[in-house]
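Listed below are the residues making up each chain.
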Amino acid sequence: QVQLVESGGGLVQAGGSLRLSCAASVRISSLNAMEWHRQAPGTERDLVATRSAAGDTEYVDSVKGRFTITSGDDENMVFLQMDNLKPEDTAVYYCVAVSRTSRNTYKFWGQGTQVTVSS
């Protein structure tokens, strides 16, 4: 079982920035992909960003040009840099580890970190 711990959330004014961190119990390189999801109050969880083991990244249209998923020197860490934040970005953000087999795809979820953007 992959364990994930998110941190870095908080309260920020519109137009500000935050960097979320995700600490994994395994090396990121041992996983097929890492993802960031978010869930706003009263809504379902939505995928916002994904990074493959090869380093390829994809983003949902609403965050393109504003959010960047990256890795660092610590191979157990993944980050989500969020710039030009908007009130509609307010949500609980979750780090997700993706492990694929021939038959199934498994996703392991962290506990989430709250991001609140004030107008």
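Every chain's residues receive numbers from 1 upward, in the order its sequence appears when written. The predicted origin of the model limits local features to residues at a pLDDT of at least 70 and limits the giving and counting of side-chain atom pairs to 80 or more, whereas totals for whole chains, interfaces and linings rest on all residues. With hydrogens and water excluded, all non-hydrogen atoms of the structure serve as input to the side-chain values.

**Q** Help me understand the side chain of Thr 90, please; the structure alone is not making it clear to me.
**A** Starting at the N terminus, helices and strands are each numbered in turn, a helix being any DSSP run of H or I of at least four residues and a strand any DSSP run of E of at least two. Here Thr 90 lies in the loop between β8 (77–82) and β9 (91–100). Among the polar contacts made by the side chain of Thr 90, one reaches the main-chain carbonyl oxygen of Pro 87 at a distance of 2.9 Å. Reaching out from Thr 90, the side chain makes a polar contact with the backbone nitrogen of Val 117 at a distance of 2.9 Å. With sequence-adjacent residues up to four places away left out, Thr 90 is seen in contact with Ala 40, Pro 41, Gln 114, Val 115, Thr 116 and Val 117. We define a polar contact as two N or O atoms separated by no more than 3.5 Å, with the added condition that, inside protein, one atom must be a possible hydrogen donor and the other a possible acceptor, whereas residues neighbouring each other in sequence contribute only through side-chain atom pairs. Any two residues whose heavy atoms approach within 4.5 Å at even a single point are treated as in contact.

**Q** Can you help me understand the environment of Asn 84 in this one?
**A** Relative to the helices and strands, Asn 84 is located in the loop between β8 and β9. Relative accessibility under 20% of the residue-type maximum defines a buried residue, over 50% an exposed one, and the middle range a partly exposed one, all with a 1.4 Å probe and only protein chains included. When its relative accessible area of 42% is taken as the criterion, Asn 84 is described as partly exposed. For the pair Asn 84 and Val 63, spaced 21 residues apart in the sequence, the C-alpha separation amounts to 9.6 Å. Setting aside chain neighbours within four positions, we find Asn 84 in contact with Gly 15, Gly 16, Ser 17, Arg 66 and Asp 89.

**Q** I tried to follow the pairing of β9 on my own but got confused; where do I start?
**A** A regular strand places its side chains on the two faces of the sheet in alternate fashion. For β9, the buried fraction is high: eight of the 10 residues fall into the buried class. A pair of strands is considered paired only if DSSP assigns at least 2 bridges between the two. Of the pairings in the sheet, the one linking strand β4 (residues 33–39) to β9 comprises seven bridges and is antiparallel in character. Looking across to β9, one finds that Glu 35 is bridged to Val 96. Relative to strand β10 (residues 105–109), β9 runs antiparallel, the two sharing five bridges. Looking at the pairing, Val 98 lines up with Lys 107 of β10. Between β9 and the antiparallel strand that follows it, β10, lie four residues.

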